[in-house]
Amino acid sequence: MRARWMLVATTLTALLLSGCVPDPVSIPAEPTPSAAPVFASEEEALAAAVEAYEAYLAVSDQIAADGGANPERLKDLVTPEWYEKELEVIGLVRAAGIRQVGDSSSRNAALQQFSSTSISIYICADSSNTSFVDSEGIDVTSSSRLTLVTNEVVFDAHDGELLLARSEPWNEASLCE
Amino acid sequence: MRVTAVAALTLLFSSMYIASAESGCTQIQAAAGLCPSATTTDTDVILESSGGSPGSNGSNGGSGGVDASWPDSTGPVDPFADCIYALNSRCLVPGPSRAAEAQPITWADIAAFRPTSGTAAMEPSGWAVTGLDTNFYASSGSQVHEGALLGQPAAVRFTPVGFHWSYGDGSSSSLSSPGAPWASWGVGEFDPTPTSHVYDSPGTYTVTLVIDFAAEYRVGSLPWTSIPGTLAVPANPLEVIAATANTVLVDRECTRNPRGPGC
């Protein structure tokens, strides 16, 4: 596992330094599993993951803009375990009486691996157009947050549907310019 | 800073970290600056599982004294189990498994976020001589309220930073230091100090002091971080009887010599 991550990091770094990072970048996956993959190709898998991640960002933005109301909107987009994590954060947003202004975005996705049950990607999440305000419109945005974060995102694949299982900042390389 | 628990939570929330049972951050978490791996401060803090670990729950200061009623159970109950945010030994934001307990924030919760009022004092005590400097000073120190955020010890610290005096004669002043008794300054009675005031006319005046507090928070082993804005908290009022020097001197003399002039 560690060796593959080093390969990914090295490859990404080389691609970024050489100035030719096609959009999206595809990293060779491990040997294919025995079962027929749901996605016919790396490109297809990557595209599906990106679409799922963009939907996740959009719904997260809406929930945060509503001050944490109706978090169940995320249930169809994330695994039950991850949903509990979302609820904790959303609970704090609601209790604090704050809401998000502006939308997140993502770019420069790179495929890490995919199988019939899972897709992992790296992607840049951009929060620079977002801010948080309190009930009186006062800006309370954290001054210490990083607005550009390269995340490793893992999706569980079931019946062609992707559910976000984990999203974690990835520090080996940056997909954000 | 708005004087509400909600606003205080907001300000705390806007830069605090969340400890999670598993690694990773949600998008809302990252946008709100609550993702330890996605902030600009040095974060080598190892975040542990939040399952049930209460963090510090000592209470210190604050005037909220409402007892929280914890759910009944056959065994000992950990009041901080699945508590997202606690302050002054009270779970203010229960976690998902205790969502049924969530109540509207009460005035007691709001009180818990307020610093304890400071004390206004004066020299001479309770009386003044018109035309001479009357020394007013405040005593107030830093206060720390301790609690927990998702299993991490959390604390809020209030520090007095502004002193707004209203002298009751139509004048007021805003000072950045509390002042001190004459003895501390090494000056004599009725000598001017940076916080003294002169009454021009005899009369009875009510003096009010409002202290501005700045707030900081800390989570886990991270350093204190400032919260923008200040909280204004009134201190005790002072009653002042101002009289002319003549009157005061005569009073003194007559006490010594009841048959003297003017008695």
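Before reading on, note that the structure itself is shown above.
Parameters and conventions
- Residues numbered from 1 in each chain as written.
- Chains lettered and ligands numbered in written order.
- Predicted model: local features only at pLDDT ≥ 70, side-chain atom pairs only at ≥ 80, totals over all residues.
- Heavy atoms only, no water.
- Salt bridge = Lys/Arg side-chain N within 4 Å of Asp/Glu carboxyl O.
- Buried < 20%, exposed > 50% of the residue type's maximum accessible area, 1.4 Å probe, protein only.
- Pairing = 2+ DSSP bridges.
- Helix = DSSP H or I, 4+ residues; strand = E, 2+ residues; numbered from the N terminus.
- Axes fitted to C-alpha atoms, helices over the stretch in contact; angles between N-to-C directions.

Let's hear about the pattern of salt bridges: which residues, and what values?
Residue and element names in this part refer to chain A. Using the criterion set out here, one finds 4 salt bridges over all chains in the structure. When the shortest N-O distance is used, the salt bridge between R73 and D66 registers 2.8 Å. For R73, a relative accessible area of 28% translates into the label partly exposed. One salt bridge connects R166 with E168, and the closest N-O pair in it is separated by 3.2 Å. Overlapping salt bridges bring together E152, R166 and E168 as one network.

Any details on the pairing of strand β7 (residues 161-169) of chain A? Residues and values, ideally.
Looking along a regular strand, one sees side chains alternate from face to face of the sheet. Of the pairings in the sheet, the one linking strand β6 (residues 148-158) of chain A to β7(A) comprises 8 bridges and is antiparallel in character. If you follow D156(A) over to β7(A), its bridge partner there is L163(A).

Outline the pairing of strand β4 (residues 118-126) of chain A, supporting the account with residue identities and numerical values.
Residue and element names in this part refer to chain A. Across the 9 residues that make up β4, a large majority, 9, are buried. Residues S118, S120, Y122, C124 and D126 point to one face of β4 and I119, I121, I123 and A125 to the other, with burial holding for every one of them. Pairing of strand β3 (residues 105-114) with β4, which is carried by 7 bridges, proceeds in the antiparallel orientation. Residue pairing across strands places R107 opposite C124, the latter belonging to β4. As defined by bridge partners, β4 adjoins β6 across 9 bridges and the pair is classed as antiparallel. In the strand pairing of β6, D126 is matched with L148.

Which residues make up the sheet that holds strand β3 (residues 119-123) of chain B, and what are the values?
By way of backbone hydrogen bonds, the strands of a sheet pair with one another, either parallel or antiparallel. Residue and element names in this part refer to chain B. Strand order in this open sheet of 3 strands is β3-β5-β9, and the pairing throughout is antiparallel. In this open sheet, the two strands that pair with only one neighbour each are β3 and β9 (196-198). Going across the sheet, the axis of each strand differs from the next one's by a mean of 30 degrees, ignoring polarity. As paired elements, strand β5 (residues 133-139) and β9 share 3 bridges and run antiparallel to each other. Counted as the bridge partner of D133 is V198 from β9.

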